[in-house]
Amino acid sequence: MEQSENNSAGKIIEKKISRRTLLGGAMAAAILPVTSSFAKYIQVGVPAIDDPTKKLGIPPGKLGKRSPFESPVRKASDISSRSPLQDFYSTITPSDLHFERHHAGIPNIAPDKYELLIHGMVERPMKFSLNDLKRFPSLTRTCFLECAGNFRTGKEAMTPQDILGLTSQSEWTGVMLSTLLREVGVNPKATWFLAEGGDASVMTRSIPLKKGIDDAFIAYGQNGEAIRPEQGYPARLLLPGWEGNTNVKWLRRIEISDQPYFTREETSKYTYPVKGKIRMFSFEMDARSIITFPSYPQKVERGWIEIRGIAWTGRGKIVQVDISTDAGKTWNAARLQEPVLDKAHTYFRYLWQWNGDETEILSRAVDETGYVQPTISQLVAARGNDLGGYHMNPVTSWQIKRDGSVLFKPENYK
Amino acid sequence: MNVKLHLNKKYVVVITGLIIIGVMTSEKRGYFSPGYGATTDTGKWPKSFGFGSTASPQDIVKLDIDVRPDGKGLPAGAGDAAQGKAIYVVKCAACHGATGLETPGIKLMGPALVSDTAAASKPKTIGNYWPYATTLFDYMRRTMPYTQPGSLTDNEVYSLTAFLLSANKIIRPETVLNAQNLWQIEMPAKKLFIVDDRKGGPEVK
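What you see is a predicted model, and the numbers here were worked out from it, not measured in a lab.

Colleague: Lay out the interface of chain A and chain B with the relevant residues and their values.
Modeller: Each partner contributes to the interface: chain A provides 75 residues, whereas chain B provides 62 residues. Carbon and sulfur atoms make up 57% of the surface buried where chain A meets chain B, a total of about 6200 Å² over both sides. The interface formed by chain A and chain B holds ten salt bridges in total. Among the ionic pairs, Glu196 of chain A bridges to Arg142 of chain B, the shortest N-O distance being 2.8 Å. By residue number, the principal contributor to the side of chain A that touches chain B is helix α4 (residues 177-184) of chain A, which donates five residues. Split into classes, the residues belonging to the side of chain A that touches chain B amount to 30 nonpolar, 20 polar and 25 charged. Relative to strand β1 (residues 53-54) of chain B, strand β7 (residues 126-129) of chain A runs antiparallel, the two being bridged by two bridges. Within β1 of chain B, the position partnered with Lys127 of chain A by the bridge is Ser53 of chain B.

The following block contains the structure:
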C-alpha cells in the first residue's frame, strides 16, 4: 500500500479546510457525518452551517474546485499512478485523475518550442509547430487508454483502483495522422512508422502504418482544454483501442519506414510468454470489465443494490455485459449506458436484490467481434502457466460477506 | 452454454452489418481524405493546406537517433568490453549492481542485465530476452544513464554494448564492436519471438 485508504468505511478523516472555504462560513468547525459516493461513509470537519439558506455563500472565483466533502485521489508509485475507478459515476475521467505511466518523468515542454517532425519514406519531410497542428481540420473523440500491464491481484483488501487503475477515459481533440501524412506524401512501399516522445526516455514504438491511416490521431486537447503534462502536453499520439504504451506522449518525431525498429519497449518490455514463445506487437486491448460498486472497502445492506461498473474493448464496441450474483453459476445481461462508443469505457448497471447470504458477484464483457472476457483459467489454458504481466484481462470477482463487507477475490494462477 | 449460442447469432447480424457499413465508408473516404467524424464542409480539401514547413537535413539529423536491426542508424565509432566495463563501473553499477547479475535478496534500482542465455531462465535479461543487439545500442544511447539521459558518447555506447554482450556470453571479450559488426550479432532470444496472433472473435488466445 503506497498510502492509506481515504475512503475506508467508518474511518474518520480530518479534512483541512482552507481559509477560503471558511470565508462566508461560520468560524466554528464541527464534525459532521456525510454520505459520499455510493456506500462511502466518512466524517469530515466542516464549518458548522445549520442552514445554508441563511448565510451568504462564497463569491465566484477564477478556478473551480471540488466539494470539501469529496477527495478522490490517484495512487502513485515511482513509475505510475492509478485512477480511482470506484469514485467515478460515469465514464469520463476527470483530467487530474487520469492514470499516469511514464518512463523518465514528466517533461516540461514550452508550446512555442514544440515541433513535430515527420520524415523517412516520404516525398517531403516536414515539421509542424503546435500552432500548425491546430490549424488543420480537427476531430474530437472519446476513447479509453489502458496500460498493457493493467492487472493486479494477490489479496482481498484491494480496491478497483488497486486492481485495474491503469485505465482512464477522456474526450480527446486533435488532428488525424492521415491528414498530416497527406501533406508529407507517404511512399506507397511504406508499412510501419516509428513514433518517438520528447521526454527524457525519448521513448519509441513501431506502429503498423495501417493503424496510422485508419484512426490514429495527434491530440492536443483533453476534456475540452489543453492536454495535461502527465498525458503528453503539448501533443501526443492517440491510437484508439491499442495498449497505452503505443500512444506515445510528448510526440516529437514520426519516421515512416518499411519495417519495425524492434525498440526496447516492443521487445524486452510489452511482450509476454505464450507457451514457450514470446508474443510481441500485441497491440489491441481485449475486452474486459470490472464492477466498481459494490467493491472493497465498501459495505452493502440487504435489499436493492444497483451493481455498477465499466466495460471496454480495443476491438470496437461492447455489445453485452453479463453479471453473475451467484459466483458464476448463472449470468444475466446488465443495462448498458447509451451511447455505447467505439473503443470506449461503457458504463453498465444491474439491479440486484441481495438476500443477505454470502455470495460472489462477477461481470463479463462481450465485444462486437464475439469475444467473451475470459477467466484466468482460460487464459492459462491459452497461454501456459508462465503468463507474464501484460494483456491480462480475466473476469474478476467480489465476495459479499454476510455482514455486508465486500472483498476482492484474488485468484492464484502462478 | 445456451447464452453463448444465443449470442453468436446476434453477432453474425452485428458483424455483417458492420462489414456493410465498413465497405460503404471505405468507398466514401479513401485513405487520405477527411477522417473520423467528417460530414459536409463548404469546400473540398486542397491538395495541401500549406501548414508546416519543409524539414532540412539538419533538422532531421538532430533528432534521428534510432538504430534498426539491419544496422541503419548505427553511427561511426567503436568500443570493446574492457573499455565498457570501466564505463559501467562509473555510470551504471549504482543502479544495475557491480556485475549486472541479479543479487538475491537485494532490490536494485535498475533491472538485472546479465544472466545465462537459456530461454526459461530468470530474471529476463539481455542474454535470454533481448532479440536484437541493435536495440541495446539504441536504448542506451537515447536514455541512459537514468539520471543523466542521453549523455553517453557513441564510443561509450559501443563499449557498453560490447561489455554487456560479453558478460552475457554472446560475444567474445576481445570483440571490438562498430557499425559494421554490431547489427550482425545473432541474439539467443530472437528465435523465441512471435508476432501477435490474437484477432478478436470467440477464441481466447
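There's plenty left to go through after this.
Colleague: Explain the nonpolar core to me, and be specific about the residues and the numbers.
Modeller: Ranked by internal contacts, the top residues of the largest apolar core, which has 80 residues, are Ile218 and Ile256 of chain A together with Leu165 of chain B. Ranked by the residues each element gives to this core, the list is headed by helix α7 (residues 154-167) of chain B, at seven residues. Residue contacts for Leu165 of chain B: discarding those within four places in its chain leaves Ile126, Ala133, Leu136, Ile170, Ile171, Leu177, Ile185 and Met187 of chain B. Counting 45 residues, the second largest nonpolar core, distinct from the first, contains Phe144, Tyr347, Ala365 and Leu379 of chain A.

Colleague: Tell me about unusual backbone geometry, residues and numbers included.
Modeller: Trans is the common state for peptide bonds, and a negative phi is the common state for residues other than glycine. Residues and elements named next belong to chain A. The linkage connecting Phe293 with the following residue, Pro294, adopts the cis geometry, with an omega of -5°. In this fold, Pro294 is placed in the loop between β18 (288-293) and β19 (303-312). The amide bond that connects Glu338 to the next residue, Pro339, takes the cis arrangement and shows omega of -5°. Mapped onto the fold, Pro339 is located in the loop between β22 (335-336) and β23 (346-354). Of note, Lys275 is a non-glycine position whose phi angle comes to about 45°, a positive value. Mapped onto the elements, Lys275 comes out in the loop between β16 (272-274) and β17 (277-280). Here the phi dihedral of His391 falls at roughly 55°; this positive angle occurs in a residue that is not glycine. With respect to the helices and strands, the residue His391 is situated in the loop between α6 (376-383) and β25 (397-400).

Colleague: I'd love a proper account of the packing of aromatic side chains, names of residues and values included.
Modeller: Evaluation of the coordinates by the stated rule reveals 17 aromatic pairs over all chains. Relative to Trp312 of chain A, the ring of Phe144 of chain A lies with its centre 6.3 Å away and its plane at 55°, an arrangement referred to as tilted. With Phe144 of chain A in strand β8 (residues 139-146) and Trp312 of chain A in strand β19, this residue pair connects regions lying 168 residues apart in the sequence. Assigned by exposure class, Phe144 of chain A and Trp312 of chain A land together as buried. By the ring-pair criterion, three or more aromatic residues cluster together here, those being Trp192, Trp242, Phe262, Phe281 and Phe283 of chain A together with Tyr132 of chain B. The ring of Trp172 of chain A has Arg236 of chain A sitting right over it, with the charged end atom 5.5 Å from the ring centre. Just above the ring of Tyr261 of chain A sits the side chain of Arg68 of chain B; from NZ or CZ to the centre is 5.9 Å.

Conventions we followed
- Residues numbered from 1 in each chain as written.
- Chains lettered and ligands numbered in written order.
- Predicted model: local features only at pLDDT ≥ 70, side-chain atom pairs only at ≥ 80, totals over all residues.
- Heavy atoms only, no water.
- Contact = heavy atoms within 4.5 Å.
- Buried area = accessible area lost by both parts, 1.4 Å probe.
- Salt bridge = Lys/Arg side-chain N within 4 Å of Asp/Glu carboxyl O.
- Helix = DSSP H or I, 4+ residues; strand = E, 2+ residues; numbered from the N terminus.
- Nonpolar A, V, L, I, M, F, W, Y, C, P; charged D, E, K, R; others polar.
- Pairing = 2+ DSSP bridges.
- Core = buried A, V, L, I, M, F, W, Y, C linked by side-chain atoms within 4.5 Å.
- Buried < 20%, exposed > 50% of the residue type's maximum accessible area, 1.4 Å probe, protein only.
- Phe/Tyr/Trp six-rings, centres within 6.5 Å; stacked < 30°, edge-to-face > 60°.
- Lys NZ or Arg CZ within 6 Å of the ring centre and 35° of its normal.

Coordinates in, geometry out; function isn't part of it.
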